Amino acid sequence: MSDPMRIRLQSAGGLTTVKVLMSHEMESGQRKDEDGKIVPIWNIQDVFATLNGRVVMSSEWGGGVSKNPFLQFVLKGTKPGDKLSITWRDNKGDTRTDEAVVS
Amino acid sequence: MRTDRREVLKKGALVAGLLMQSLGYLRSANAYQQNAFDAKSVLDLYKSLGLSVPVESKQITLTTPEIAENGAVVQVAANTTYNNIKRWIFMVEKNPVPLVAIFNLTEDVTPAVTLRCKFAQTSDFLAVAQLNDGKVFFARKEVKVTLGGCGG
Amino acid sequence: MFSFNTPFKFVLKHLGAALLYAYAWSAFAQAQQLGVSTDAALAQYRSMLQDANPADLYVAKGQALWTKARGPKAQSLESCDLGLGPGVVKGAWVQMPRYFNDTRRVQDLESRLVTCMEAIQGFNTQEIIAQDFSKGERANIALLAAYVSSESQGMTFKVPQEHALEREMYASGQELFYMRGGTHDFSCASCHTQDGRRIRLQDLPNLSTSAGAGFAFGTWPAYRVSMGSIWTMQQRLADCFRQQRFPKPKYVSPATVALSVFMGVNASGQVADAPGLKR
């Protein structure tokens, strides 16, 4: 099972800054292991965020995103109680969704 | 100072290549852009993305560290004063795969996006903004990647 | 202005010296300037990552491990005594290394975790010692260390020196710290007893001072971005030994614990900030 993301929300005046730290190896397919063999690509490919069920941002990633990815973006027109959900899906088909509530 | 038209066109062409695949993106909006993520050079990325020639713009601001202690994790951020941005395309020019990420924005988010990327070596970070009306603009900024020392 | 009567050689000699001096001074000034702006640039790089330290992900994993029933005895570590009583994690790390009655010796965090993993969970100490860093149970110890150290975040170090063995270990640690050896005649002190020094762009904390020791001892375990993993103090020490061309130290050996006692006591009163973030 995939590890949970850490989502931090900071709201001020209807804007909410979303800071997400994801737990993922993000193997680019460029790295060699101790035996000199290429470590196969294993990375998050799709990320999307929904607010109260509506997609507000979607993204496609490659192996150039760092291990344990950090993403930050800003939601507009938020109010307390709004539910933010973030989902990632990797090239192996694994997926993870975590949620946070705007305070 | 006279702007060198050749320079402008060269820069624009560089970025056009990076974006060439967007036509394909528009056709199959939900498909993972494998071709773009396979492109080994900026020129190849052009072909696989497909967009009009981007123009360098001061309306895009990039926040990057001047020196990265380690290329594995470099935090980059892009923002813009264009108010109708549809998509960001983040690239690290000298990476084996220059394309790092594509962000599709809606009206529910501001243009400001931050991401931690890998830099294989000292390289320019490029952020291309595709606007709703199809116009494309870019900005670039160098990040120096260092050899640290003894790992403390 | 020189008059035409001044001997030519006199002029040349002093002009040459003046030029040399000016050149040296400008090079020095430029180096200083480079140093200041490089430091600022690196500080900016680090602060950008500090906001969301990937180490936090590992703290969560470590906490899960602490409470999970594991090992041949299928027990959790929740009854492990880190010096403040069974299961008390908060504030324990800033009082380590310390003497433990049940093992009759001074132990650092990792040594104590190994003790608990064997006594409570049934793991084999020798197997853990024989293992490589970042593998098997040693990888789990790194996660546990990240968790335990995080529970002392913001607290001040008060590594005890009450027991005779604690004082002895400090003296041993100090001796080891200054002992030169290996093929390159290095000691820890070779790199770690001056302020403001670095190797390439890697700062070298002055471990003989309270501030330096507090910074170093208080930020390991740490997430190393170049490794994409948590490194513990034992791992950091082992790598120092390697870089000094010293033989590989035995995991959680008294020598390694003594060095931690030396640093920990020197860090008295400094604020703990672990797990840290390192290159």
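The model shown is predicted, which means the values in this text are computed figures rather than measured ones.

The helix and strand tally for chain B stands at 4 helices and 9 strands. Moving toward the C terminus, one meets the helices and strands of chain B in the order α-α-α-α-β-β-β-β-β-β-β-β-β. For chain B, buried positions account for 50% of its 152 residues. Summarising the internal contacts of chain B: among those between residues at least 6 apart in sequence, 72% fall at separations of at least 24.

Helix and strand content of chain C: 10 helices and 7 strands. The long-range share in chain C, meaning contacts at least 24 apart out of those at least 6 apart in sequence, stands at 69%.

The interface of chain B with chain A comprises 28 residues on the first partner and 27 residues on the second. Looking at which element gives the most residues to the side of chain B that touches chain A, the answer is strand β7 (residues 109-117) of chain B, with 8 residues. When strand β4 (residues 54-61) of chain A meets strand β6 (residues 99-105) of chain B, the two strands line up antiparallel, connected through 5 bridges. What sits directly across from W61 of chain A, in β6 of chain B, is A101 of chain B.

For the rest of this paragraph, the subject is the packing of helix α6 (residues 164-178) of chain C against helix α10 (residues 254-266) of chain C. Residues and elements named next belong to chain C. In contact at an axis separation of 7 Å, α6 and α10 are set at 95 degrees when each is read in the N-to-C sense. Classified by the angle their axes make, α6 and α10 are roughly perpendicular. Packed against α6, whose contacting residues are E166, M169, Y170, S172, G173, Q174, L176 and F177, the element α10 presents A255, V257, A258, L259, V261, F262 and V265 at the interface. Grouping the constituent residues of the contact of α6 with α10 by class yields 11 nonpolar, 3 polar and 1 charged.

Residues and elements named next belong to chain A. Side chains of strand β6 (residues 83-90) alternate between two faces, with L84, I86, W88 and D90 buried and K83, S85, T87 and R89 left unburied. Where strand β3 (residues 44-51) meets β6, 7 bridges bridge the pair, whose relative direction is antiparallel. Residue pairing for β6: A49 is matched across the bridge by I86. Direction of pairing for β6 relative to strand β7 (residues 95-101): antiparallel, over a ladder of 7 bridges. Note on β7: the bridge partner recorded for T87 is T97. Between the antiparallel neighbours β6 and β7 lie 4 residues, among them G93 with a positive phi of about 90 degrees.

With that out of the way, let us pick up the environment of L131 of chain B. Residues and elements named next belong to chain B. Positionally, L131 belongs in strand β8 (residues 123-131). Between the C-alpha atom of L131 and that of K86, which follows or precedes it by 45 residues, the distance is 5.0 Å. For L131, the contacting residues outside a window of four places in its chain are Y82, N84, I85 and K86.

Attention shifts here to the sheet that holds strand β6 (residues 229-231) of chain C. Residues and elements named next belong to chain C. The sheet built from 3 strands is open, its strands ordered β6-β5-β7 with mixed pairing. Here the strands that pair on one side only, and so sit at the sheet edges, are β6 and β7 (276-278). The sheet shows a mean angle of 35 degrees between the axes of neighbouring strands, taken without regard to direction. As judged from the 3 bridges shared by strand β5 (residues 222-224) and β6, these two strands associate in the antiparallel manner. Directly across from A222, in β6, lies its bridge partner W231.

Our focus in this paragraph is α10 of chain C. All names here are of chain C. The end-to-end C-alpha distance of α10, which contains 13 residues, comes to 18 Å, matching closely the 18 Å that a straight helix rising 1.5 Å per residue would cover. When you tally the buried positions in α10, you get 11 out of 13 residues, the bulk of the element. Listed in full, the buried residues belonging to α10 are T256, V257, A258, L259, S260, V261, F262, M263, G264, V265 and N266. Buried-residue contacts for α10 involve β2 (105-107), α3 (109-119), α6, α8 (210-219) and α9 (233-243).

Let us look at the interface of chain A and chain C. How big an interface is tends to be stated in terms of accessible area lost as the parts join. Facing the 9 residues of chain A at the interface are 7 residues of chain C. Split into classes, the residues belonging to the side of chain A that touches chain C amount to 3 nonpolar, 2 polar and 4 charged.

Spatial strand order, β1(A)-β2(A)-β5(A)-β7(B)-β4(B)-β2(B): 6 strands in an open sheet with antiparallel pairing. Two strands lie at the open edges of the sheet, namely β1 (6-12) of chain A together with β2 (60-63) of chain B, each paired on one side alone. Pairs of neighbouring strands in the sheet enclose a mean axial angle of 15 degrees, with direction left out of account. Bridge count between strand β5 (residues 70-75) of chain A and β7 of chain B: 4 bridges; the pairing is antiparallel. Among the inter-strand pairings, L71 of chain A is bridged to a residue of β7 of chain B, identified as L115 of chain B.

On to the packing of α8 of chain C against α10 of chain C, then. All names here are of chain C. Running from N to C, α8 and α10 point in directions that differ by 120 degrees, and their axes come no closer than 7 Å. With respect to their mutual orientation, α8 and α10 come out oblique. For the element pair α8 and α10, the recorded crossing hand is left-handed. Where α8 abuts α10, its residues S210, A213, A216 and F217 lie against M263, G264 and N266.

Moving on: the confidence of the model for chain B. Averaged over every residue, the pLDDT of chain B is 82; residues scoring 70 or more account for 74%. Below pLDDT 50 for its whole length, residues 17-29 of chain B participates in 42 contacts with residues either more than four positions away or in separate chains.

All names here are of chain C. With an omega of 5 degrees, the peptide bond between M96 and P97 qualifies as cis. Relative to the helices and strands, P97 resides in the loop between α2 (55-67) and β1 (98-100). Geometrically, the link from A274 to P275 is a cis peptide bond, its omega value of -5 degrees lying close to zero. Tracing the sequence through the fold places P275 in the loop between α10 and β7. Notably, S134 is not glycine yet its phi reads approximately 65 degrees, a positive angle. Mapped onto the secondary structure, S134 falls in the loop between α4 (125-130) and α5 (136-150). Classification of S134 as partly exposed rests on a count of 14 C-beta atoms within 10 Å.

What counts, and at which threshold
Residues numbered from 1 in each chain as written. Chains lettered and ligands numbered in written order. Predicted model: local features only at pLDDT ≥ 70, side-chain atom pairs only at ≥ 80, totals over all residues. Helix = DSSP H or I, 4+ residues; strand = E, 2+ residues; numbered from the N terminus. Buried ≥ 20, exposed ≤ 12 C-beta atoms within 10 Å, placed from the backbone. Contact = placed C-beta atoms within 7 Å. Pairing = 2+ DSSP bridges. Axes fitted to C-alpha atoms, helices over the stretch in contact; angles between N-to-C directions. Parallel < 35°, antiparallel > 145°, perpendicular 65-115°, else oblique. Nonpolar A, V, L, I, M, F, W, Y, C, P; charged D, E, K, R; others polar. Expected span 1.5 Å × (residues − 1). Left-handed = near helix turned anticlockwise from the far one by under 90°. pLDDT = per-residue confidence, 0-100.

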